Structure formats: structure tokens, C-alpha cells
Amino acid sequence: QPRGEGPSASGLPSDFLWGVATAAYQIEGAWKEDGKGPSIWDEYSHKPGNIDDGSNGDVACDSYHKWQEDMEILKLMRVKHYRFSLSWPRLLPDGTKGSLNTKAVAYYMNIIKALKDNGIIPLITLYHWDLPKTLQDKYGGWLNESIIPLFKDYAEVCFKTFGDQVKHWLTFNEPWCVSVLGYEVGQMAPGIKLAGTGAYRAAHTILKAHAEVYHMYHEKYNTDKSGKISITLNSDWSEPKTKTAEDAEAAERSQQFSLGWFAHPVYANGDYPDVMKWTVGNRSKAENLNQSRLPEFTDDEKARIKGTFDFFGLNTYSTNLITGAKTTGAGYFQDIGVASSKDPKWKTSGSSWLTVVPWGMRRILNWIKQQYSNPPVIITENGISDRNTTIPGIYRDYWRIGYYRGYISNMIDAVVKDKCNVIGYTAWSVMDNFEWSRGYSEKFGMYHVNFSDPQRPRTPKESSVYYSMIIKANGIPKYTPRSFHVVDEN
Ligand code: GBH
């Protein structure tokens, strides 16, 4: 079948990358099979009270056994790339390179081979949150810079093992979530609550680890120069709540504290945004601390971090209205000094934080273009959770079709009208999966997975057909099948 050939009515380049994404812990299951070591998510989800529905990823979509079926879905959908993550504790059960698990190598090698045999580009995330438990226990995880060489070792094993086959890499998925939710508010594994310092310390370690792996890849493994490696950052769009200068400033500050925190070091000058350094520094002083809670990079470290990207990986889902707010106490959210809200007119989803605001996509892409000199962007995640939990209604997911149509149209406007350099788009997710602390209560799939059936059957929702049409049209298809419109909102 033709892939990205021929004229493209949408104005997107004909080699535009359309794909879908997953992550190891969310789909694989087989949590202690074939030598896999425990991860911090195994431990966290097994502790009562941490996951909304008391579930865990022990089996999840059982993709460890059903990857061939997943492959058929990817082929049917005609995706050009598949973004998935490797499980560090599956490959290195005790976290260190000496513990290499050959069964895990075989598992991922099979997937990579099958993708390539079908002309699907693998885009691999090295770290999508499932840290080997041993490294959390022994070092305190990302709070401790001693784990940088261990992450580097793990990355090196992956480059050595899969690097001939795989040319598209991401070091970290959403360091914001790891840092803030994992080490500051404790809403994700490892569940550490260190208000005011945990997130900043974890982020500092992650940025350094990312830079080390970026340099190692280019110095030792990307010998034919065909490979690309970057980091994926998450950010929703911060829209000023009113037209006042104060709200404009608050929204910009919020954007800098979320996306700029990681993007400014990598894509600008090797260092945190000025507004972060200034704000956290002043607040630390007011707290009588003798140094800022935001750690500092040395000049050498800045030079090492600056420019460690081959593209900009962006996960974006929604928009928030931002207004300035007086805050007290030491904490990442207090430091930002804003209040965030939703417009009651915005459509909702199965996730409280996820409202449907398609124009937010265009604005965040323009913000990235303006802030970081228009880097090539791959949207590495975008999608919506179910808000209708009844079957068969769940298969007629017209709200998901509407979401994709709206967000992708705005992405196309950003490319065609605003000249934003977006080179790829990845939908989250190909199938329902384990949604972290929300368990199986929120589902982002274009395929339904029946989690009460041991076979974990996958069934297409209408959005999967619509997304294939988008891929085929290399943009929004001119005609939408009537059946996609006739389902009543309920
Ligand atoms: C992504 O994170 C993840 O990469 C992916 O694994 C996940 O399945 C997908 O999104 C869908 O959620 O509870 O109000 O504090 C998206 C970014 C940032 C979205 C944190 C949820 C929590 C908001 N996430 N956010 S709140």
C-alpha cells in the first residue's frame, strides 16, 4: 500500500509520520515472568490504596504474550511508526547491566523485527516510568545522581542490542510527571512526598542523565548518522484566564514552570528558565534557606545539556485557564503562584484534567516555535479517555473522533498557516491500557480491551477506523462516514 506518497491535500509533507503509542508497564503484563525484575510500579500498584480501582499492571493487556495480535492491529491501522517503551527491569532485572535477561531481549527483538518487516518505524522510549525497584531501594531513584551511570549503562545495552534496527529513540517520557508526581506529591510511583525539593532534585538528575545518553548515542552508536534521539516532554496549554497583563504573565510563568523547566535547558541555553530561577530563588530566601531549592547547573553541565536533541517530543492533551494567585509554603505548585481552572463550556472526557480544547494544540505549537527557534516537533502523545462506559456505546466513540479531528486540524493549521515544524503525530493510545493511578477506570484506546476476559480480546472502536482514514489522507479526510455522526450524545 502507498505510504505517504502522492500529493497531500492537507499541506502536510508527504513523509509526515503518523503513529500510535503505548508504554511497557501499561500494556505488557507478565510482571514476574521469564526473569523480569520488579519495578517501582509493581511495588506501588500492589500497595492497597494507591490505584483507584485497586488494580495493577500484573497482566494489563497481556501484550507480553499477545504482541503478534498487537502487530496485526498496527498493520490494519496502517501506522507509519509505533512508539513503545522498553522495560528496564525486564531487560536488566536488578537494574545493572550484569543482569541482562536474554528472554527480554528476544521479546523486544521479535517486536522490532515484525515492525520492520511491515515497514513500521519503531520509536523507542527508554524510560516510561518503570524504574527497577532495586535502584529505588538502593539509591533513592532519581533523587540521587548516582543512578546516572546506571541509566547510561542500561541505555548502552539497548543501543548495542537494538541499535542496528532502531533509529528513533527517546530517553525519558515526561520527566515532569516523574519528578512532580513521583517525588514531590507522591501520586505516582515511587510515591515520595518531598514538597519543595523532590521534584527539582529529580528533574535535575533526569536532565543530566538525558544529556549523558544523548552524547553517548551520537559519539558511539549513531555511526551512520541516520539515528535520532531526544526526550519527550508533557505540557498542556496555559491560556490566560482574562485579558489582563497579570494573567498573561501568570500563564507564561505557568508554561515556563511546566514545559520550560525541561525544554529551556535542552532547547535553549542549558539552564532553567530565568523566571524559575528568580522565583524559586526569592522564595527560598524568604524561607531563610541559604540556597535555592532549585539546584544549579555548573557551566560545564549547561554546555553538556544544551542542544541535546534531534527533535522536540511533545505530549499534549488539554488546556487550562491560568490566573495569578498568592501562595504560601514551599512546594513546586506554590512556587508557580497561579490558580488553574477550566471553562465550563469545554467538553469533558473520562479524565478530570482532560477537557477538549483543540485550539490549545495550535497555541502550544506556536509557543514552542517562538521559544526554541522552531525545532522539528514530533507529537509523541495526544488523545482522549472514554466518557461513555457502556457497551456497545463505547465502540461508537464519536467524541474521540471529534477530539482527533479537532486537535489534528489545529496541528495542520499550525504547520500550514503558522509554519510550525511538526514532522510527526502519535495518538495515545492504540488500545485501552493500565492508566497508572487511575487503573482501568480511564481508557484512551482506539481499540477496546476486555480486561475481565483472560484472553484480553481487542475490539476496534470507530476512532481506529477514522484514524486510519487520517493516515491515508495524510490529513483530515474530506468525507466522514455517516455512521460516525448518527450516534446521539448521551
Ligand atoms: C501521559 O501523561 C502518559 O505519558 C501516558 O502514559 C498516559 O497513559 C497518558 O498520558 C494518559 O494520561 O491528576 O490533575 O494532577 C499525560 C500527562 C500529566 C496527564 C499529569 C495527567 C495529572 C493531572 N499527565 N496529569 S492531575
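Starting afresh in each chain, residues are numbered from 1 along the sequence in its written order. Owing to the predicted nature of the model, reporting of local features is limited to residues with pLDDT of at least 70; listing and counting of side-chain atom pairs is limited to 80 or more, with chain, interface and lining totals taken over all residues. Hydrogens and water molecules were not included; the side-chain quantities draw on all heavy atoms of the structure.

K.L.:
I'm lost on the UniProt feature "active site" (unreviewed entry) in the chain in this one. Help?
P.N.:
UniProt positions are given in the numbering used here, feature names are shortened, and annotations may be inferred rather than shown by experiment. The feature "active site" (unreviewed entry), as given by UniProt, occupies E381 in the numbering adopted here. Tracing the sequence through the fold places E381 in strand β10 (residues 377–381). Among all residues touching E381, those that are not within four sequence positions of it are A21, R83, H128, N173, E174, L314, N315, T316, Y317, T426 and W428. Each helix is a run of H or I in the DSSP string that is no shorter than four residues. Each strand is a run of E no shorter than two, and both are numbered from the N terminus. Whether two residues are in contact is decided by their heavy atoms: any pair within 4.5 Å suffices.

K.L.:
Teacher, can you tell me more about the confidence of the model for the chain here?
P.N.:
Low pLDDT marks stretches whose predicted atomic positions should not be read closely. Values of pLDDT, the confidence the predictor places in each residue, fall between 0 and 100. Mean pLDDT over the chain works out to 95, with 96% of the residues at or above the 70 mark. Every residue in residues 1–7 is under pLDDT 50, and counting partners more than four places away or in other chains gives ten contacts. Every residue in residues 486–490 scores below 50 in pLDDT, and together they form nine contacts with partners more than four places removed in sequence or on other chains. Note on the complex model: pTM 0.97, ipTM 0.95.

K.L.:
Just checking my understanding: could you explain the sheet that holds β10 for this structure?
P.N.:
Either a parallel or an antiparallel arrangement is found when strands of a sheet pair, and the pairing is made through backbone hydrogen bonds. Strand order in the closed barrel formed by eight strands is β1-β2-β3-β4-β5-β7-β10-β11, with parallel pairing between adjacent strands. For this sheet, the mean angle separating the axes of adjacent strands, direction not counted, is 25°. In this sheet, strand β11 (residues 422–427) lies alongside strand β1 (residues 17–21) in parallel orientation, the contact comprising four bridges. Paired with W18 across the two strands is Y425, which belongs to β11. In this description, a line fitted to the C-alpha atoms serves as the axis of each element, helices being fitted only across the stretch in contact, and the angle between N-to-C directions of two axes falls anywhere from 0 to 180 degrees. Against the sheet, helix α5 (residues 102–117) engages β2 (81–85) and β3 (121–127), with an angle of about 170° to β2. Strand pairing is assigned whenever DSSP identifies at least 2 bridges connecting the two strands.

K.L.:
So what exactly am I meant to see when it comes to the site of the ligand here?
P.N.:
Taken together, 18 residues lie near the ligand, and Q26, E174, E381, E435 and W436 sit nearest. Y317 is positioned with one of its side-chain polar atoms (N or O) 3.2 Å from an oxygen atom of the ligand. A distance of 3.2 Å separates an oxygen atom of the ligand from a polar side-chain atom of W428. In isolation the ligand exposes 580 Å². Once the protein is present, 80% of that is buried. Here the element with the most residues in the shell around the ligand is helix α8 (residues 175–183); it accounts for three residues. Proximity is defined per residue: if any heavy atom of the residue lies within 4 Å of a molecule or strand, that residue is considered near it. What qualifies as a polar contact is a pair of N or O atoms within 3.5 Å, subject to a donor-acceptor requirement within protein and to the restriction that residues adjacent in sequence count only when both atoms come from side chains. For accessible areas, the Shrake-Rupley method is used with a probe of radius 1.4 Å. Any residue's cover is judged against the shown protein chains and nothing else.

K.L.:
Mind showing me how you'd approach the packing of aromatic side chains here?
P.N.:
Each pair of aromatic rings is reported with the distance of its centres and the angle of its planes. For this analysis, a ring pair means two rings from Phe, Tyr or Trp (six-membered ring only for Trp) whose centres lie within 6.5 Å, classed as stacked if their planes differ by under 30 degrees, edge-to-face if by over 60, and tilted for the remaining angles. Throughout the structure, instances matching the rule amount to 51 aromatic pairs. Aromatic pair W88 and Y154: ring centres 4.7 Å apart, planes at 0°, arrangement stacked. With a gap of 66 residues between them, W88 in helix α4 (residues 88–91) and Y154 in helix α7 (residues 148–162) connect regions that are remote in the sequence. When sorted by exposure, W88 lands in the same class as Y154, which is buried. An aromatic cluster is defined as three or more aromatic residues linked by ring pairs; in this entry it consists of Y25, W41, Y44, W129, F434, W436, Y440 and F451. Note on exposure labels: buried denotes an accessible area under 20% of the residue type's maximum, exposed denotes more than 50%, and partly exposed covers the range between, all computed with a 1.4 Å probe on protein chains only.

K.L.:
What is the right way to look at the sheet that holds strand β8 (residues 319–324) in this model?
P.N.:
Taken in spatial order, the three strands of this open sheet run β6-β8-β9, and their pairing is mixed. Of all the strands in the sheet, the pair left with one neighbour each is β6 (237–240) and β9 (338–341). Strand after strand, the sheet turns through a mean of 40° between neighbouring axes, direction not considered. Where β6 and β8 come together, four bridges link them in parallel fashion. Bridge pairing in β8 places E239 opposite L321. Contacts between helix α10 (residues 245–269) and the sheet are confined to β6, β8 and β9, with β8 contributing the most and set at about 125° to the helix. Together, β6 and β8 form the strand contacts of helix α14 (residues 358–371), whose direction differs from that of β6 by roughly 100°.

K.L.:
Hey, could you run me through the environment of V79 in this one?
P.N.:
Here V79 is to be found in the loop between α3 (63–77) and β2. With relative accessibility at 0%, the residue V79 sits in the buried group. Once the C-alpha coordinates of V79 and I471 are considered, the two residues, 392 residues apart in sequence, prove to be 7.1 Å apart.

K.L.:
How do you make sense of the packing of α10 against helix α11 (residues 274–286) when you look at a structure like this?
P.N.:
Two numbers describe a pair of packed helices, the interaxial angle and the distance between the axes. Remark: α10 packs on α11, axes separated minimally by 9 Å, with the N-to-C direction vectors making an angle of 105°. In terms of their interaxial angle, α10 and α11 are classed as roughly perpendicular. Contacts between α10 and α11 involve R253, Q256, F257 and W261 from the former and V275, M276, T279 and V280 from the latter. Each residue belonging to the contact of α10 with α11 can be placed in one class, and the counts come to five nonpolar, two polar and one charged. Between 65 and 115 degrees an angle is taken as roughly perpendicular, under 35 as roughly parallel, over 145 as roughly antiparallel, and anywhere else as oblique. The nonpolar class holds Ala, Val, Leu, Ile, Met, Phe, Trp, Tyr, Cys and Pro. Asp, Glu, Lys and Arg form the charged class, and all remaining residues, Gly among them, are polar.

K.L.:
Honestly, the side chain of S235 in this entry has me stumped. Any pointers?
P.N.:
Following the sequence through the fold, S235 ends up in the loop between β5 (228–234) and β6. At 3.0 Å, the side chain of S235 and the side chain of Q255 are in polar contact. In contact with S235, not counting residues within four places along its chain, are Q255, S258, L259, N315, T316 and I364.

K.L.:
I'm lost on the pattern of salt bridges in this one. Help?
P.N.:
Two side chains bearing opposite charge may form a pair once their charged atoms approach each other closely. When a carboxyl oxygen of Asp or Glu is within 4 Å of a side-chain nitrogen of Lys or Arg, the pair counts as a salt bridge. Scanning the entire structure with this criterion turns up 32 salt bridges. For D42, the salt bridge is made with K36, and the minimal N-O distance between the two is 2.8 Å. Given a relative accessible area of 1%, D42 falls into the buried group. For K36, a relative accessible area of 11% translates into the label buried. As a salt-bridge pair, D335 and R293 come within 2.9 Å of each other at their nearest N and O atoms. Taken as a pair, D335 in helix α13 (residues 332–336) and R293 in the loop between α11 and α12 (299–305) lie far apart in primary sequence, 42 residues in all.

K.L.:
Can you walk me through the side chain of D62 in this structure?
P.N.:
Mapping D62 onto the fold places it in the loop between α2 (40–46) and α3. Lacking a salt bridge, the buried D62 has K66 as its closest oppositely charged neighbour, with an N-O distance of 6.2 Å. One polar contact links D62 to H65, side chain to side chain, over a distance of 2.8 Å. The convention is simple: Lys and Arg are positive, Asp and Glu are negative, and His and the chain ends are not counted.

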